[in-house]
Amino acid sequence: MENFYLFVVMCILLILLPGPDTAIATKNTLVVGRTGGFRTMFGTCCALLIHTLAAVIGLSAIIVKSALLFSVFKYAGAVYLVYLGAKTLWALKNKKTTPEINAESKYEGKSCFKQGFLTNLLNPKVAVFFLTFLPQFVHAGSDTFLPFLTMGITYTTLTAVWFLLYIYLLNQISAFMKRPRTQRVMEGITGTILIGFGLKLALEKTQH
């Protein structure tokens, strides 16, 4: 493995770019609280570890090279993102006519891990990222098992650190963020962004 510190810098820059994972973490932190955000982060990191293992043993390469498998993952991920976005907007609409129910918050808390996990796992672009980004930091012709594993764990750890800081900051300004009007605006924006990410993923051309 070479240029590890450059790899870390590049990871940080990529992690800071907002994506579906950030949108899900934002929504769950605002709706459920800090616990919901942390559960979402844990789900995302578990999915990243699975992507890491898939890259190490070569499954990601199979998915990327197979148009059918790539399309299955792409459309499944797109449908799930659109579903989450629509669900968020629907819940927002219902909040205007019905009072909040604690049982709903508990249910949402339990589903936060699943949302973070599936959003990341079903995104084939993550598999493409691992197979196109990681090899750039490995010597040509060398064994990739340990370097891929190290870089995957590093990327997952940096992602966890970023989300811990992000969720903590959201929670610190929760007094403002959890005002009914502010929360409605944020949930509306988040729901729309999730649907946008889903449609963007579905409409992207498969490239090999």
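Here is what the cut-offs are and how they apply
Residues numbered from 1 in each chain as written. Predicted model: local features only at pLDDT ≥ 70, side-chain atom pairs only at ≥ 80, totals over all residues. Heavy atoms only, no water. Helix = DSSP H or I, 4+ residues; strand = E, 2+ residues; numbered from the N terminus. Buried < 20%, exposed > 50% of the residue type's maximum accessible area, 1.4 Å probe, protein only. Contact = heavy atoms within 4.5 Å. Areas by Shrake-Rupley, 256 points an atom, 1.4 Å probe, with all protein chains shown as cover. Axes fitted to C-alpha atoms, helices over the stretch in contact; angles between N-to-C directions. Parallel < 35°, antiparallel > 145°, perpendicular 65-115°, else oblique. Left-handed = near helix turned anticlockwise from the far one by under 90°. Nonpolar A, V, L, I, M, F, W, Y, C, P; charged D, E, K, R; others polar. Expected span 1.5 Å × (residues − 1). Polar contact = N/O pair within 3.5 Å; in protein donor to acceptor, adjacent residues only side chain to side chain. Core = buried A, V, L, I, M, F, W, Y, C linked by side-chain atoms within 4.5 Å. pLDDT = per-residue confidence, 0-100. Phe/Tyr/Trp six-rings, centres within 6.5 Å; stacked < 30°, edge-to-face > 60°.

Some details on the overall build of the protein chain
So, step 1. Counting secondary structure elements, the protein chain contains 10 helices and 0 strands.
So, step 2. If you list the helices and strands of the protein chain from N to C, you get α-α-α-α-α-α-α-α-α-α.
So, step 3. Among the 208 residues that make up the protein chain, the fraction classed as buried is 43%.
So, step 4. The contacts of the protein chain with a sequence gap of at least 6 include a subset with a gap of at least 24, amounting to 86%.
So, step 5. Roughly 11,400 Å² of accessible area belongs to the protein chain as shown, and the carbon and sulfur atoms make up 70% of that amount.

Focus on the packing of helix α3 (residues 34–57) against helix α8 (residues 145–172)
So, step 1. Where α3 contacts α8, the axes come no closer than 9 Å and their chain directions differ by 170 degrees. For the element pair α3 / α8, the angle class is roughly antiparallel. Judged by the sense of rotation from one axis to the other, the crossing of α3 with α8 is right-handed.
So, step 2. Considering only residue class, the contact of α3 with α8 consists of 17 nonpolar, 7 polar and 1 charged.

Focus: α3
So, step 1. Taking 1.5 Å per residue, 24 residues should reach 34 Å; α3 reaches 35 Å between its end C-alpha atoms and fits that length.
So, step 2. Backbone geometry just downstream of α3 places Gly58 in the positive-phi region, at approximately 95 degrees.

Description of the environment of Gly77
So, step 1. With respect to the helices and strands, Gly77 occurs in helix α5 (residues 67–95).
So, step 2. For Gly77 and Leu121, which are 44 residues apart along the polypeptide, the C-alpha to C-alpha distance reads 8.1 Å.

Some words on helix α2 (residues 20–32)
So, step 1. For α2, built from 13 residues, the straight-helix expectation of 18 Å at 1.5 Å per residue is met to within 8% by its first-to-last C-alpha distance of 18 Å.
So, step 2. For α2, the tally of buried residues reaches 11 of 13 residues, placing the bulk of the element in the interior.
So, step 3. Listing the buried residues of α2 in full gives Pro20, Asp21, Thr22, Ala23, Ile24, Ala25, Thr26, Lys27, Asn28, Thr29 and Leu30.
So, step 4. A positive phi of about 115 degrees marks Gly33, the residue just after α2.

Notes on the packing of α2 against α3
So, step 1. Interhelical geometry of α2 versus α3 gives an angle of 155 degrees and a closest axis separation of 6 Å. By the criterion of interaxial angle, the relationship of α2 to α3 is roughly antiparallel. Crossing handedness for the pair α2 and α3: right-handed. Contacts between α2 and α3 involve Asp21, Ile24, Ala25, Asn28, Thr29 and Val32 from the first element and Arg34, Gly36, Gly37, Thr40 and Thr44 from the second.
So, step 2. Its residues assigned to classes, the contact of α2 with α3 shows 3 nonpolar, 6 polar and 2 charged.

Some points on the side chain of Thr29
So, step 1. Counting through the fold element by element, Thr29 comes out in helix α2.
So, step 2. In terms of polar contacts, Thr29 uses its side chain to reach the backbone carbonyl oxygen of Ala25, at 2.7 Å.

Some thoughts on the nonpolar core
So, step 1. If you look at the biggest cluster of nonpolar residues, it comprises 17 residues, and the most contacted ones within it are Phe7, Phe130, Phe133, Leu134, Phe148, Met151 and Tyr155.
So, step 2. Setting aside anything within four residues of it in sequence, one finds Tyr155 in contact with Cys11, Ile15, Leu48, Phe129 and Phe130.
So, step 3. Ala23, Leu81, Leu122 and Leu194 belong to the second-largest nonpolar core, a separate cluster that totals 7 residues.

Quick notes on the confidence of the model for the protein chain
So, step 1. On average, residues of the protein chain score 80 in pLDDT, and 82% of them are at 70 or above.
So, step 2. Per-element confidence in the protein chain ranges from a low mean pLDDT of 62 for helix α9 (residues 174–177) to a high of 92 for α3.

Concerning the packing of aromatic side chains
So, step 1. Per the stated rule, a full pass over the model turns up 12 aromatic pairs.
So, step 2. With 4.9 Å between their ring centres and 20 degrees between their planes, Phe129 and Phe133 make a pair best called stacked. Residue Phe129 and its partner Phe133 are both found in helix α7 (residues 124–133); the two are separated by 4 residues, about one turn of the helix.
So, step 3. Overall, the relative accessible area of 9% leaves Phe133 in the buried class.
So, step 4. Taking 5.1 Å as the distance between ring centres and 45 degrees as the angle between the ring planes, the aromatic pair formed by Phe129 and Tyr155 counts as tilted. Taken together, the residues span a long stretch of sequence, with Phe129 in helix α7 and Tyr155 in helix α8 at a distance of 26 residues.
So, step 5. Classification of Tyr155 as buried rests on a relative accessible area of 13%.
So, step 6. Put simply, the rings of Phe4, Tyr5, Phe7, Phe129, Phe130, Phe133, Phe137 and Tyr155 pair up and form one aromatic cluster.

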